[in-house]
Amino acid sequence: MNAPYVQQLSADVTVAPQLDPDAMAWAAQAGFKSVINNRPDFEAGPDQPTSAQMEQAAKAAGLAYAYLPVDPSVQTPQEIARFAQLLKDMPKPVLAFCRSGNRSTRLYKATL
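**Student:** How should I be thinking about unusual backbone geometry in this particular structure?
**Tutor:** A negative phi angle characterises most non-glycine residues, just as the trans form characterises most peptide bonds. Residue K92 is joined to P93 through a cis peptide bond whose omega torsion reads 5°. Locating P93 in the fold gives a position in the loop between α3 (77-89) and β5 (94-97). Non-glycine residue F42 carries a positive phi angle of around 65°. Position of F42 relative to the elements: it lies in the loop between β3 (34-37) and α2 (51-60).

**Student:** For this particular structure, what's the right way to read the environment of L9?
**Tutor:** Along the chain, L9 turns up in the loop between β1 (7-8) and β2 (13-16). You can call L9 partly exposed: its relative accessible area is 22%. Counting along the chain gives 32 residues from L9 to D41, while the straight-line C-alpha distance between them is 25 Å. Setting aside anything within four residues of it in sequence, one finds L9 in contact with T14, V15, T105 and Y108.

Rules of the game
Residues numbered from 1 in each chain as written. Predicted model: local features only at pLDDT ≥ 70, side-chain atom pairs only at ≥ 80, totals over all residues. Heavy atoms only, no water. Helix = DSSP H or I, 4+ residues; strand = E, 2+ residues; numbered from the N terminus. Buried < 20%, exposed > 50% of the residue type's maximum accessible area, 1.4 Å probe, protein only. Contact = heavy atoms within 4.5 Å.

Next comes the structure, spelled out in structure tokens:
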């Protein structure tokens, strides 16, 4: 598989647009230890991989996985706090993704 487009935000946090289950093996090979999925299931319709599919692929690749679905237009204080806690607790480096990478980026920046 070709490497997906990713944007490194810090030494421990990188974001990406929608990933597919095959990308979990790439993420592990690239040195990531954890994945956070910020995209609600079926946001783009039935062809979008579900969190369960992504979690199964992540665990098969030896990655820690968290599902924190957030609305693209607003991230609540509770969601921001949960994202900050995940970043604190999960093995690093962390790869977070959503549809475009923007909401994962906004969540990260809100934790600073």
